[in-house]
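Geometric and topological summary
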Amino acid sequence: MPIDQRVALWKAADCLFSADVRGGLAMMPLEFVFAQKGKDSPGIVIASEFSGTFAILNGALRISPFDMKNTLATVDRALTMSKPEREGRLLRDIDFVSSSGSDKWIQNVLRDLFDQTKAVDEEETDTGDNRSSEGKSVGAFLAAEQEEQFTRLRSKSVISAYKSTSKRVIVLDFNGTIVMKQAVDSYLKRDSAGSTMDAPPADVINSLRVLCSDPKNTVFVVSGDNKENVEKAIGDIPGLGLAASNGSCFSPPMQEGAAYRTWLALDLGVDWASVERVALRIMAKFTARTNGSFIKRAHSSIGWSYYSCDPEFGSLQAKYLVIELERELAAFDVRFVNLKGIVEVIPRKLNKGIIVKKILRDVAARNNNAGVDFILCMGDDISDEKMFTSVFSFVSEMNEDYANVVPSPPVIQLSQGTLLASQPFLLEKPVVRCNNQNEKLYAFTVSVGKKESHASQYVDDATDVADLLVKLSSGELSSFRRGEGDVHLMQFS
């Protein structure tokens with residue numbers, strides 16, 4: 001069929017139905033999307049999950065050719081879909097289709113072939129487990145012991161310890177801890193790019209305000225997002241400290257009535273401008289060929305997000321991206337993290353544990369090394385494990401001389417502002433031995449979700465975190481789980 005007749009057909013049609021059992025990247029669905037531009041009520045693409053089309057078009061409806069009942073329901077949905085939803089689905093794809101002509105596809109394919117032939121094959125390193133059978137049995141024993149000691153957190157134990165102490169530090173992760181996490185869906189694409197942060201529920205915000213107003217508390221929220229998004233979400237809470245980009249930059253607790261926050265950063269010894277120049281060039285290439293992907297830049301972090309892409313195609317592209325980044329950035333002291341729909345390049349030394357230990361050391365050094373007597377650290381994913389281990393490391397070094405511990409990285413000031421004398425943060429006091437050695441120290445490291453973790457206890461999800469914060473702030477039980485009382489928070493040991 002000639003192109004002019006096809007375009008006329010596409011413009012007249014309400015939907016395009018493709019039920020390939022095994023199909024590559026067909027051009028007709030892309031033509032159909034392009035023909036919908038400017039149409040009053042755009043048409044919808046219905047694509048098989050086994051076709052390359054579905055991996056490219058984020059606005060397409062997914063079907064399995066083998067599921068007749070679901071296929072019929074999807075066709076009915078497409079034909080009865082409202083105009084706003086039709087327009088929204090078109091917007092997800094029209095820019096990508098319009099800017100990705102056949103010449104660009106050819107250029108990208110040829111460039112990839114050239115890059116592949118230019119690369120030098122390296123022998124795969126042996127990543128197998130070389131431990132002896134004895135080592136494995138010991139590991140299995142330790143794993144069993146940890147599982148036995150990994151108990152559900154009991155809120156009454158935390159509240160009792162909280163009320164009996166006066167030098168408290170509370171460190172909370174953001175996404176998945178004080179805000180319910182939305183995981184990458186294996187079947188349905190997200191409607192948004194996820195480039196902004198959702199604010200915590202009102203109960204959590206109010207609880208944080210109360211906790212931060214208590215001079216006995218130092219409260220920090222540590223996030224992997226950039227400082228602009230973190231500050232926009234919770235930056236207006238007086239007395240709340242913020243750490244963004246996995247702790248590479250942070251803002252000490254802001255005082256009541258302050259006009260703006262002061263932001264500081266850790267100097268991790270990496271020429272980040274040079275890293276960005278190399279990484280941006282590579283990530284831009286993968287963004288051009290992966291619909292729905294985008295680049296996220298933060299302080300000491302640059303990421304390629306495929307959260308809004310087809311999950312299978314996005315994961316495949318992420319693997320190839322990491323391989324190319326590792327080759328091109330081998331000269332820099334950086335590492336690569338592939339988690340939750342994003343590939344990040346960060347300094348090798350950077351992790352959330354660095355900022356947590358710095359916070360604990362700073363609080364412990366106040367009032368003539370008065371120390372800390374209550375620590376609550378909560379997080380939900382693998383990036384938070386370093387927070388838990390840093391708490392244990394801090395406790396173990398409390399009797400050490402400063403010369404025997406690894407100092408925190410130097411701090412530089414990013415924005416204008418002044419810091420209170422009680423919260424310097426710029427210069428670490430060269431003392432870790434505290435004067436409260438005879439006092440009890442309560443340390444709660446809590447994983448959100450029961451899984452293999454360095455934490456000592458766990459809670460089920462972010463609703464349990466909200467309940468605990470409400471109770472600590474002496475409010476009523478959160479409305480998240482009315483009627484359950486304290487059932488979901490069991491014995492602490």
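Overview of the structure. Bear in mind that the values here come from a model prediction, so they are computed numbers and not experimental data. (Residues numbered from 1 in each chain as written. Predicted model: local features only at pLDDT ≥ 70, side-chain atom pairs only at ≥ 80, totals over all residues. Heavy atoms only, no water.)

1. Thoughts on the packing of aromatic side chains
Defined as follows: Two rings from Phe, Tyr or Trp (for Trp, the six-membered ring) form a pair when their centres sit within 6.5 Å of each other. Planes less than 30 degrees apart are called stacked, planes more than 60 degrees apart edge-to-face, and all others tilted. Runs of H or I in DSSP of at least four residues are treated as helices and runs of E of at least two as strands, each being numbered from the N terminus.
With the rule as written, the count across this model stands at five aromatic pairs. Geometrically, the ring pair formed by Y162 and F374 is edge-to-face, given 5.7 Å between the ring centres and 80° between the ring planes. Here Y162, found in helix α8 (residues 155-163), pairs with F374, found in strand β14 (residues 374-379); they are 212 residues apart in sequence, far enough to count as distant. Seen in terms of ring centroids, F286 and W304 are 6.3 Å apart; in terms of plane orientation they differ by 75°. Their pairing is edge-to-face.

2. Details of helix α16 (residues 462-472)
What counts is decided by this rule: When accessible area is computed with a 1.4 Å probe and restricted to protein chains, residues below 20% of their type maximum are described as buried, those above 50% as exposed, and intermediate ones as partly exposed. Whether two residues are in contact is decided by their heavy atoms, any of which lying within 4.5 Å being enough.
Most of α16 sits inside the fold, with eleven of its eleven residues counted as buried. Residues A462, T463, D464, V465, A466, D467, L468, L469, V470, K471 and L472 constitute the buried set of α16. Summarising the contacts, the buried residues of α16 are in contact with α8, β5 (168-173), α9 (202-213), β14, β16 (442-448) and β17 (457-459). Trailing α16 by a residue or two, S474 shows a phi angle of about 65°, which is positive.

3. Things to note about the pattern of salt bridges
Rule in force here: Salt bridge, as used here, is a side-chain nitrogen of Lys or Arg placed within 4 Å of a carboxyl oxygen of Asp or Glu.
For the structure on display, the rule yields 20 salt bridges. Note that K167 is salt-bridged to D373, the shortest N-O span being 3.7 Å. Here the residue K167 occupies a position in the loop between α8 and β5, and D373 occupies one in the loop between α14 (366-369) and β14, the gap between them amounting to 206 residues. A single burial state applies to K167 and to D373, both of which are buried. Linked through salt bridges whose partners overlap, the residues forming this network are R77, E85 and R89.

4. A short note on the packing of helix α1 (residues 3-12) against helix α2 (residues 28-35)
Put simply, the rule is: To get an axis, a line is fitted to the C-alpha atoms, and for a helix only the part in contact is used. The angle between two axes follows their N-to-C directions and goes from 0 to 180 degrees. Should the near helix be turned anticlockwise from the far one by less than a right angle, the crossing is termed left-handed; should it be turned clockwise, right-handed. All residues other than Ala, Val, Leu, Ile, Met, Phe, Trp, Tyr, Cys, Pro, Asp, Glu, Lys and Arg, Gly among them, are scored as polar; the first ten of these are nonpolar and the last four charged.
Interaxial distance between α1 and α2 falls to 9 Å at its minimum, and their mutual angle equals 65°. In the packing of α1 onto α2, the handedness of the crossing is right-handed. Seen from α1, the contacting residues are I3, R6, V7, W10 and K11; seen from α2, they are M28, E31, F32 and A35. Here the residues of the contact of α1 with α2 are counted per class, giving six nonpolar, no polar and three charged.

5. Examining the nonpolar core
Nonpolar side chains tend toward joint burial in soluble globular proteins. Convention followed: As used here, the term nonpolar core means buried Ala, Val, Leu, Ile, Met, Phe, Trp, Tyr and Cys residues forming a set that is joined through side-chain atoms within 4.5 Å.
In terms of nonpolar packing, the biggest core is built from 39 residues, with I178, I234 and L376 touching the most fellow members. In terms of nonpolar packing, the next biggest core, distinct from the first, is built from 32 residues, V169, V337, C377 and V411 among them.

6. A word on a nonpolar patch on the surface
Here is the rule we go by: Like charges within 9 Å and nonpolar side chains (Val, Leu, Ile, Met, Phe, Trp, Tyr) within 5 Å are joined into patches, using only residues over 30% in relative accessible area that form no salt bridge. Using the Shrake-Rupley algorithm and a 1.4 Å probe, accessible areas are obtained, with residue cover drawn only from the displayed protein chains.
A surface patch of nonpolar side chains, amounting to about 390 Å² of accessible area, comprises I106, V109, L110 and L113. Mapped onto the secondary structure, I106 falls in helix α6 (residues 102-118). Taking relative accessible area as the criterion, I106 reaches 52% and is therefore assigned exposed.

7. What about empty space enclosed by the protein?
It is a probe the size of a water molecule, rolled over the atoms, that shows where empty space is left. Convention followed: Whether a set of points on the 1 Å grid over the protein atoms alone is a cavity depends on a 1.4 Å probe fitting there but being unable to get out, while an open set qualifies as a pocket with protein on both sides within 12 Å along at least five of seven lines; lining residues are those with an atom within 4 Å of a point. Grid points are joined across faces, edges and corners, and a volume is the space filled by probe spheres set on the points.
Across all of its chains, the model carries two cavities of 30 Å³ or more by this definition. In this structure, the largest cavity spans a volume of roughly 90 Å³. The biggest single contributor to the lining of the largest cavity is helix α5 (residues 83-99), with four residues. Of the residues in the lining of the largest cavity, the class split is seven nonpolar, three polar and three charged.

These values are about where atoms sit, not about what they do.
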